[in-house]
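A closer look at the structure
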Amino acid sequence: MSQPTLSNFIIKRPWLKRWMVPLSKWYKEAAGYRKLGLRADDLIPEESEEMQLALKRLSPKEAYDRVYRMRRAFQDYQYLSPIIKEIEQERSEREDLESMVIKKPTIKSKLPDIKSKVPDSVKSH
Amino acid sequence: MLSRAAIGRQAQRAARRSWQQQTRGLAEPASGSFQYQTGEANGVKFASRDIPGPVASLAIVAKAGTRFEPIPGLAEGLDRIAFKNTERRTTLRIQRESELLGSVLQSYHSRENVVVGAKFFQDDLPYFVELLAEVATMTKYQPHIFHEEIYPMMSLHQKSYLANTTEMAINSAHGLAFHRGLGVPLFPASSTPMKKYLDADSLSEYAASAYSQPNFALVANGVDNGELSKWVSEMFTDVPAQPAYQIKTEQSKYYGGEERIAHASGNSLVIALPGSSSPTGPFYKPEVAVLAALLGGQSSIKWSPGFSLLANATQSAPHMFIDTKSSIYSDAGLLTITMVGSASDIKNNAGKVVEALKSVAQGVDKETFTKAKALAKFKELQYGQETQAAIELTGAGLVHGGKAYQIDEVAKSVEGVTAEKVQQIAKEALENKASVSAVGDLYMLPYAEEIGLKV
């Protein structure tokens, strides 16, 4: 379904245009889809008969570009953070092992207990 | 952290018990023989022998050496990724824990096997059985480990290999003798092919085949068979029954030929002839071991050339290293004579070496033969006394044929060799094409034709 619009009404009246154009520019900035590389028409919900037919009528190049823009936009997931967490774990494990205190078993003690000096609150895993 | 979850509960309980009382006195007499006892648990084959002393050793011997790798680099990769990150603990953790317990971790590969094992105090057996089970079934094959740890080490090793003319000559001789299979070089000389073939996916698939029930065996020295059986059945529970893909084994065929490689520093000449297979294999000829001792080259007595024929033949070149070795594999073997030294020494003495070899085919002096047989038997039994002895051979024997490498039997069969058999074997060997490999100053080093060998 095409978007309902007052744009023609506003453009014909210069006093309205003078106020509305900067407002519309601000709104478009705030919407932010341009920053993701999307066009306004990419946002139109495609769950309607007209839209499906319109998509079928697109030229191959336009269709490809539309899909490309959408794939490029929906990529916001953490790809580095899990790896960074792993590296931090490795580092802290090394720290813990370095600061270890070993109690050797004597005849009286029950088991060879290996105590770590690092308090529980600091351990990250 | 270093919590109970890391060391299996059973293992910790057992370790605790063992600290309280020694399960075995150190001064207990040995059984007296070097016999291995074999067994099986959860489909995993194992062999052990109880020898006195506080230190035990345990190793996985997998049928995954360079002979069996489908693409180059996998055997080396497998031995380099042993004891790195597993599902349960990190590389650092494994290293630190084994250091704290007091042990040595080893992993290496040979032409037929990859051996991954450890030497440790007897009381820590459960810990190391669990560790080896983790290495076999739970290692993580992560791409970043390859880039950070494995490839750099492999490049460094390749550089050191390129400087070693003897290794190059021996690898070349094997290549000439067996072409593919046993002829694949132990460590490749050039760096490009490895990174193309060795990566996380190919190695994890190779490991899934190498560490499957029919393809590996556990071998232990200094460990009670009943104990080992108990821990193996408890820890080795996830070993796949079938390999990921069949490691194909073809009967090795001997070809022969000649190869010459130019090298700016160092000279080596290797002459290889078909030899004997391992005692657990089909073509075992104890005569070859005696022939190797007879030809010799290195004396066991200082400041004297000794009785061996090659040492006496090359007395004019005292600074040249010469040695004869009988390399045994599961279904074939090579008798290699290695000469390392200055190019002129090798050039002048190579002919004499071949003459000495041909003289054996004519006949063997009785006294020299007796000395050679005694030396062969001595070397065999001395080797058997080492704690590391025959781990690889026993494991390979178990995997390939189901028999362990029993040193007593081998020593007995060496005893049964006669001078005629040695003469016969020398004659047969010379009827084949020899494999001659020369690395170094090619202008000086002789061709096989020039020294009288048929290629």
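What you are looking at is a predicted structure, and each value in this text was computed from that prediction instead of being measured. Position labels on residues start from 1 in each chain and follow its written sequence. Here every chain gets a letter starting at A, and every ligand a number starting at 1, in the order they are written. pLDDT decides what is reported in this predicted model: residues at 70 or higher carry local features, side-chain atom pairs at 80 or more are listed and counted, and totals for whole chains, interfaces and linings draw on all residues regardless. Just so you know, side-chain values use all the structure's heavy atoms and leave hydrogens and water out.

A short note on the pattern of salt bridges
Rule in force here: One side-chain nitrogen of Lys or Arg within 4 Å of one carboxyl oxygen of Asp or Glu is enough to make a salt bridge. Runs of E in the DSSP output that reach at least two residues are strands. Runs of H or I that reach at least four are helices, and both are numbered from the N terminus. For the exposure calls, accessible area comes from a 1.4 Å probe over protein chains only, and a residue counts as buried if that area is under 20% of its type's maximum, exposed if over 50%, partly exposed in between.
This structure, assessed with the given rule, holds 17 salt bridges over all chains. For A:D65, the salt bridge identified is with A:K61, shortest N-O distance 2.9 Å. Residue A:D65 and its partner A:K61 are both found in helix α4 (residues 60–73); the two are separated by four residues, about one turn of the helix. A relative accessible area of 21% places A:D65 in the partly exposed class. Taking relative accessible area as the criterion, A:K61 reaches 56% and is therefore assigned exposed. A salt bridge links B:E134 to B:R89; the nearest nitrogen and oxygen atoms lie 3.1 Å apart. Of the two residues, B:E134 sits in helix α4 (residues 125–138) while B:R89 sits in the loop between α2 (74–80) and α3 (91–101), which places them 45 residues apart along the sequence. Each member of the pair, B:E134 as well as B:R89, carries the same accessibility label: buried.

Notes on the pairing of strand β8 (residues 267–274) of chain B
All names here are of chain B. Stated precisely, the cut-off is as follows: When DSSP finds at least two bridges between two strands, those strands are taken to pair.
The buried fraction of β8 is high, at seven of eight residues. Looking at chain direction, β8 and strand β10 (residues 333–341) are connected through eight bridges and run antiparallel. Along β10, the bridge assignment pairs I271 with I337.

Digging into the packing of aromatic side chains
All names here are of chain B. Rules: The aromatic pairing rule takes the rings of Phe, Tyr and Trp, using the six-membered ring of Trp, and pairs them if the centres are within 6.5 Å, calling planes under 30 degrees apart stacked, those over 60 edge-to-face and the rest tilted.
Applying the stated rule across the entire model yields six aromatic pairs over all chains. Their ring planes at 10 degrees and their centres at 4.5 Å tell us that F120 and F128 sit as a pair that is stacked. Given the relative accessible area of 1%, F120 is considered buried. Overall, F128 belongs to the buried group, its relative accessible area being 1%. Judged by centre distance (5.0 Å) and plane angle (80 degrees), the rings of Y127 and F128 are edge-to-face.

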